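Letter by letter, the chains look like this.
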Amino acid sequence: MFLIDAHLDIALNAIEWNRDYRLSAHQIRESESGMTDKIDRGRGTVSLPDLRRGQIGLVVATQIARFNQTNDNLPGAGWNSPHQAWAVTQAQLAWYQAMEADGQMVQIQDAAGLENHVRLWLDASVSDAEKPVGYILSLEGADSLIDLSYLEKAYGYGLRALGPAHYSTGRYAPGTGLSGPLTPLGRELVKEMDRLGIILDVTHLTDEGFSEALSLYHGPVWASHHNCRTLVPHQRQLADDQIRQLVERGAVIGGCFDAWMMKPGFTQRKSNPADFGITIETIVDHYDHICQMTGNSLHIAVGSDLDGTYGTEQSPTDLDTIADLQKLQDILTTRGYSAEDIENIFYKNWLRFLRNAWS
Ligand SMILES: [Zn+2]
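Residues numbered from 1 in each chain as written. Predicted model: local features only at pLDDT ≥ 70, side-chain atom pairs only at ≥ 80, totals over all residues. Heavy atoms only, no water.

J.: What is the right way to look at the side chain of Asn227 in this model?
T.: Structurally, Asn227 can be placed in the loop between strand S9 (221–222) and helix H9 (240–248). Setting aside residues up to four positions removed in sequence, Asn227 forms contacts with Gln237, Leu238, Gly254, Gly255, Cys256, Met261, Met262, Ile283 and His286. (Helix = DSSP H or I, 4+ residues; strand = E, 2+ residues; numbered from the N terminus. Contact = heavy atoms within 4.5 Å.)

J.: Could you clarify how one ought to interpret the nonpolar core in this entry?
T.: Side chains of a nonpolar character, in soluble globular proteins, are inclined to be buried together. Counting 105 residues, the largest nonpolar core has Leu145 and Leu162 as its most contacted members. Considering each element in turn, this core owes the most residues, eight residues, to helix H12 (residues 339–357). Here Leu145 is in contact with Trp86, Leu139, Tyr150, Leu151, Leu162, Arg171, Tyr172 and Leu189, once residues within four sequence places are set aside. (Core = buried A, V, L, I, M, F, W, Y, C linked by side-chain atoms within 4.5 Å. Buried < 20%, exposed > 50% of the residue type's maximum accessible area, 1.4 Å probe, protein only.)

J.: Whenever I open this one, the pairing of strand S2 (residues 56–63) confuses me. Can you help?
T.: Two faces, one strand: in a regular strand the side chains alternate between the faces of the sheet. For S2, the tally of buried residues reaches eight of eight residues, placing the bulk of the element in the interior. Pairing geometry for strand S1 (residues 3–8) and S2, over four bridges, is parallel. Paired with Leu8 across the two strands is Ala61, which belongs to S2. The pairing of S2 with strand S6 (residues 133–140) spans six bridges and is parallel. Bridging from a neighbouring strand, Leu58 pairs with Gly134 of S6. (Pairing = 2+ DSSP bridges.)

J.: Teacher, can you tell me more about the coordination of the zinc ion here?
T.: Ideal geometry at a metal gives 109.5 degrees between four tetrahedral donors and either 90 or 180 degrees between six octahedral ones. Around the zinc ion, the protein contributes the donor atoms Glu140 (OE), His204 (NE2) and His225 (NE2), at 2.0 to 2.2 Å from the metal centre. Of the residues examined, His204 reaches a relative accessible area of 3% and is grouped as buried. Exposure remark for His225: the relative accessible area of 1% places this residue in the buried category. (Donors = N, O, S within 2.8 Å, 3.2 Å for Na, K, Ca; no water.)

J.: Before we go on, may I ask you to explain helix H6 (residues 149–156) in this structure?
T.: Residues lying three or four places apart along an α-helix face the same way, a consequence of the helix completing one turn every 3.6 residues. Listed as buried for H6 are Tyr150, Leu151 and Ala154. Buried residues along H6 cover an arc of 105° about the axis, so they all sit on one side. Where H6 is buried, its residues contact helix H4 (82–101), strand S7 (159–163) and helix H7 (184–196). Once H6 ends, the next one or two residues include Gly158, with phi positive near 120°. (Arc of directions from axis to C-beta.)

J.: What is the right way to read the packing of helix H5 (residues 111–122) against H12 from this model?
T.: Between two packed helices, both the angle of their axes relative to each other and the distance between the axes serve to describe the pair. Closest axis-to-axis distance for the H5/H12 pair is 11 Å, and the angle between their directions is 160°. Between H5 and H12, the interaxial angle falls into the category roughly antiparallel. Crossing hand, H5 versus H12: left-handed. The residues of H12 that touch H5, namely those facing Leu114, Glu115, Val118 and Leu122, are Tyr347, Leu351, Leu354 and Arg355. Residues of the contact of H5 with H12, tallied by class, amount to six nonpolar, no polar and two charged. (Axes fitted to C-alpha atoms, helices over the stretch in contact; angles between N-to-C directions. Parallel < 35°, antiparallel > 145°, perpendicular 65-115°, else oblique. Left-handed = near helix turned anticlockwise from the far one by under 90°. Nonpolar A, V, L, I, M, F, W, Y, C, P; charged D, E, K, R; others polar.)

J.: Mind showing me how you'd approach helix H8 (residues 207–216) here?
T.: Taken residue by residue, H8 has Gly209, Phe210, Glu212, Ala213 and Leu214 as its buried positions. The inward-facing, buried residues of H8 abut H7, strand S8 (199–201), S9 and H9.

J.: Would you take a moment to explain the pattern of salt bridges for this structure?
T.: Opposite charge on two side chains makes pairing possible when the charged atoms of those side chains draw close. All told, the structure shown has 19 salt bridges when counted by the stated rule. For the salt bridge of Arg41 with Glu32, the shortest nitrogen-to-oxygen distance reads 2.9 Å. For the pair Arg41 and Glu32, a shared accessibility class is recorded, and that class is buried. Arg335 serves as the salt-bridge partner of Asp288, at 2.9 Å between the closest nitrogen and oxygen. Taken together, the residues Asp288 in helix H10 (residues 282–294) and Arg335 in the loop between helix H11 (328–334) and H12 connect sequence positions 47 residues apart. (Salt bridge = Lys/Arg side-chain N within 4 Å of Asp/Glu carboxyl O.)

By themselves these figures say nothing about function.
Structure, rendered in structure tokens:
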């Protein structure tokens, strides 16, 4: 079944991990055998051929580059000026554009493009192997916007969603594991997003940032890759009250397949998913929690994050590549979800959200 995944860091893998995503995940693993520079070397689960094989024909794909502030004690992954971070996001953009020129991907930035692309993916007479993977461009963490004028520039090349925060103090908003409100610049940012019609992604915001962003911003809101705090007690996940606020705003929440966000007690880069019994089915516990709260299946979907700087060492044990997300069909059926629920989760919820946002 056609599936929409609302969170992948595809270009980060192409540029900073030096992965040629035109190859299959298994070929990329092979090419990385013996490499030890990153923990997920030889363990990646995502590639363009595997997305097609798994009928994941539309993704929200990020640009991502942090700025290391002097008071950040967080390890690695950040740049020493917003200008460098901006330049990295532009390399990521250039790679997406090169994939478009190669027929591998196609950027989706408006309602007409969305309808054409979904029609193509639902057309069984065309082989999936010949279909480009559609991508909606999102910025994860706003540090790389040198000043607010860069947001309109980014909108011009197709940026359609933005999460102001990531994992750091943040120039616009403090991120995961921290506390505190948006910065003054962050408050201006969400107002400018409202003006431009850029979707607000609440993922990675602090609790204070979440409340403030929702009150300042009046447009469409989603949580691209986010699980439930009731099941995994950590600030990274959504508290029940936040889920209620999101549902009131018509949001959709993308269930995230990063093992530490699926079951409590898992330590990033240390624990083994097998020891915790983390499988693809584990995400359904999070889905069930949201469905019980809302009484329907209209607010849950997939935001896998499967190439978010980890691979099989931090993924469900029954997931070899991202194509295995199709196993969700049988799992959801066994757990009592109807055919209509499954279609909602696979693509109809994101599709409805995007149609509303871009109408
Ligand atoms: Zn993230």
